[in-house]
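What follows is the residue order along each chain.
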Amino acid sequence: MRVLVVGDNTFEYSRTLRDKPGMEGTHITATGIESKEEVEDLLKNVNDSKLKKFPSSQENFEVRHGVNATRLQENFPNLREENKFDKIIFNNPQAGKKGVDDVDLKTGNLIDGVLTSSPQVLQQGGEVHFGVTSSTRALGLLKLQDHYQTSQEQGFTEIAGRKFEVRLVDTKRDEYEFSVKYPARRTEGTKLRNSQGPSYYYIFKLLA
Ligand SMILES: C[S@@+](CC[C@H](N)C(=O)[O-])C[C@H]1O[C@@H](n2cnc3c(N)ncnc32)[C@H](O)[C@@H]1O
């Protein structure tokens, strides 16, 4: 299985996922939009001595910087069919700066941007997973719920001419293989409340 993690600013999630028992055969491409220098800066917020080290690629774990999740084809051009991803995971998406921008609106657009970009790098039947905290004010929640509701009503939601079926996973109640405990971060690198990772995942399955 091939998994693409996007928006992982400190790479704590993808590295914890890599080390989760049972993930040995899974290929993870771990990415963030930040540059190498920005990641170095963000890592100053990390306490765990292992995760504080700069992330590096190894067998079955590829690290990439400067990856805009709304422009996936540019970042992964000419992917051969067998190298396309089965899953794309984006935990706690946030676009824009709180107090400056309309972050909820921007985050909704970011979510649609990722979904619009995803079919070019996804396997047939591949999925895009968005993780959010249990807060009713989680950014992008309205957009995710809107797509979920539409899919419940008509069997799919349509984004840029492509159809996705949406399901909701509660990590406390349901089995979710990509769930790990890690200190979720704000965009600036400080801790996101006391979150140890998303409570809910909205899963968008690309229909043929
Ligand atoms: C609230 S932080 C969450 C960080 C991490 N995923 C976590 O759960 O700890 C939101 C992240 O979304 C990233 N982001 C915003 N726009 C993005 C884009 N177009 N492509 C990739 N990442 C983006 C930010 O850089 C930031 O790292």
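An account of the accompanying structure is given in this report.

The rules behind the values
- Residues numbered from 1 in each chain as written.
- Predicted model: local features only at pLDDT ≥ 70, side-chain atom pairs only at ≥ 80, totals over all residues.
- Near = placed C-beta within 6 Å.
- Nonpolar A, V, L, I, M, F, W, Y, C, P; charged D, E, K, R; others polar.
- Pairing = 2+ DSSP bridges.
- Helix = DSSP H or I, 4+ residues; strand = E, 2+ residues; numbered from the N terminus.
- Axes fitted to C-alpha atoms, helices over the stretch in contact; angles between N-to-C directions.
- Buried ≥ 20, exposed ≤ 12 C-beta atoms within 10 Å, placed from the backbone.
- Right-handed = clockwise from strand over helix to strand, strands pointing away.

Among the 22 residues in the neighbourhood of the ligand, the closest are listed as Gly 7, Asn 9, Ile 33, Ala 69 and Asn 91. Each residue belonging to the shell around the ligand can be placed in one class, and the counts come to nine nonpolar, nine polar and four charged.

In spatial order, the strands read 3-2-1-4-5-8-7-6; together these eight strands make up an open sheet with mixed pairing. Pairing within the sheet leaves two strands with one partner each, and these edge strands are strand 3 (61–64) and strand 6 (157–159). Within the sheet, the average angular offset between the axes of one strand and its neighbour, ignoring direction, is 25°. Pairing geometry for strand 1 (residues 2–6) and strand 4 (residues 85–91), over four bridges, is parallel. In the strand pairing of strand 4, Val 5 is matched with Ile 89.

For the rest of this paragraph, the subject is the pairing of strand 1. Judged by how many residues are buried, strand 1 sits mostly within the fold: five of five residues are covered. With burial as the criterion, each face of strand 1 is covered, one bearing Arg 2, Leu 4 and Val 6 and the other bearing Val 3 and Val 5. As defined by bridge partners, strand 1 adjoins strand 2 (residues 27–31) across four bridges and the pair is classed as parallel. Bridge pairing in strand 2 places Arg 2 opposite His 27. Of the crossover connections in this fold, the one passing from strand 1 over helix 1 (residues 12–18) to the parallel strand 2 is right-handed.

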